[in-house]
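Topology and contacts: notes
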Amino acid sequence: MIRVEPLSGAGLARHLDGLAGLRIRVFRDYPYLYDGDPAYEAWYLEDFARAEGAVVIAALEGDRLVGAATASPMRAQKQEFRDPLGDLAEGLYYFGESVLLPEYRGQGIGHRFFDAREAAARDQGFALTGFYSVIRPADHPLKPPDYSPLWSFWQKRGYAPLANVEAHFPWKEIGEAEETAHPMQFWLRGSA
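Residues numbered from 1 in each chain as written. Predicted model: local features only at pLDDT ≥ 70, side-chain atom pairs only at ≥ 80, totals over all residues. Heavy atoms only, no water.

1. Description of the overall build of the protein
For the protein, the helix and strand inventory stands at five helices and seven strands. Listing every helix and strand of the protein by position from the N terminus yields β-α-α-β-β-α-β-α-β-α-β-β. The globule rule puts the C-alpha radius of gyration for 192 residues at 16 Å, and the 16 Å found for the protein is close to it. C-alpha extents for the protein along the principal axes are approximately 40 × 35 × 30 Å. Expressed as a percentage of its 192 residues, the buried residues of the protein come to 44%. When contacts within the protein are restricted to residue pairs at least 6 apart in sequence, long-range pairs at least 24 apart make up 71% of them. For the protein, the exposed area adds up to about 10,100 Å²; of that, 52% sits on carbon and sulfur atoms. Both charge centroids of the protein, one from 20 positive and one from 27 negative side chains, sit 6 Å from each other. (Helix = DSSP H or I, 4+ residues; strand = E, 2+ residues; numbered from the N terminus. Rg over C-alpha atoms; globule rule 2.2 N^0.38 Å. Buried < 20%, exposed > 50% of the residue type's maximum accessible area, 1.4 Å probe, protein only. Contact = heavy atoms within 4.5 Å. Areas by Shrake-Rupley, 256 points an atom, 1.4 Å probe, with all protein chains shown as cover. Lys, Arg positive; Asp, Glu negative; His and termini not counted. Charge placed at Lys NZ, Arg CZ, Asp CG, Glu CD.)

Spelled out as structure tokens, the structure:
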């Protein structure tokens, strides 16, 4: 049985290494193709966890972390993510990663992640929620033949791409020597 629950304090600290490993493993797959760095992950997650209003929702099988989703007020996020949103950023609760091991997908855990983050947004007085998703060309050479984007899942939850709002965020891809900037589309739920 998978438990989905918020992590904070010592519980969060205990699972930060597991969350770093999940991010590296899950984001290695298409469409992110992330060649993860454990040192960067540790820094990023510790910085994230310190942000006022941040939440980490964990999917646990026993004490094993099999998935997690993060969120925080957009004002706590990096400038590269805030700037494309302009004034909208101040009133927005931002959903960071949602990572789940493949063998646990299709069991409703993704919906539970969204439910918990949307509840955290409401509890903190935010009416707007949203996230960025990497943009890849339809003919990307590393796109698996059976790849299915999550767009319909997000749309069923009330999210839509926000026209002309893109961020560019760097990471190192598998097989690349250096980081490159990647375009990211913003998806919004609520009235801007």
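Back to the write-up after that little detour.
2. Comments concerning the pairing of strand E6 (residues 160-172)
Pairing between E6 and strand E7 (residues 179-189): nine bridges, direction antiparallel. The residue bridging Pro161 from the neighbouring strand is Trp187, located in E7. (Pairing = 2+ DSSP bridges.)

3. Section: the environment of Gly18
Within the secondary structure, Gly18 is located in helix H1 (residues 9-27). On a C-alpha basis, the gap between Gly18 and Ala49 in space is 14 Å, while along the polypeptide they are 31 residues apart.

4. Comments concerning the nonpolar core
Counting residues in each nonpolar core, the largest one holds 59 residues, and the members touching the most others are Met74, Leu85, Tyr93, Tyr132 and Phe186. Those residues in contact with Tyr132, other than ones at most four positions away along the chain, are Tyr32, Met74, Phe81, Pro84, Leu85, Tyr94, Val165, Glu166, Ala167, Met184, Gln185 and Phe186. (Core = buried A, V, L, I, M, F, W, Y, C linked by side-chain atoms within 4.5 Å.)

5. Here's the deal with the packing of aromatic side chains
Under the criterion given, the structure shown has 22 aromatic pairs. These aromatic residues form a ring-pair network of at least three members: Tyr93, Phe95, Phe114, Phe126, Phe131, Phe153, Trp154, Tyr159 and Trp187. (Phe/Tyr/Trp six-rings, centres within 6.5 Å; stacked < 30°, edge-to-face > 60°.)

6. Here's the deal with the side chain of Arg23
Tracing the backbone shows Arg23 in helix H1. Polar side-chain contacts of Arg23 include one of 2.3 Å to the side chain of Glu41. Setting aside chain neighbours within four positions, we find Arg23 in contact with Arg28, Tyr34, Tyr40, Glu41, Tyr44, Leu45, Glu97 and Val99. (Polar contact = N/O pair within 3.5 Å; in protein donor to acceptor, adjacent residues only side chain to side chain.)

7. Here we look at the environment of Tyr34
With respect to the helices and strands, the residue Tyr34 is situated in the loop between H1 and helix H2 (38-50). Tyr34 sits in the buried class, given a relative accessible area of 9%. Distance from Tyr34 to Ile174, taken between C-alpha atoms, is 6.0 Å for residues 140 residues apart in sequence. In contact with Tyr34, other than residues within four places in its own chain, are Arg23, Ile24, Phe27, Arg28, Tyr40, Glu41, Trp171, Lys172 and Ile174.

8. Details of helix H4 (residues 109-123)
Under the 1.5 Å per step criterion, the end-to-end length of H4 is 21 Å for 15 residues, consistent within 8% with the ideal 21 Å. Within H4 the residues assigned to the buried category are Ile109, Phe113, Phe114, Arg117, Glu118, Ala120 and Ala121. Just downstream of H4 lies Gly125, where phi reads positive at about 85 degrees. (Expected span 1.5 Å × (residues − 1).)

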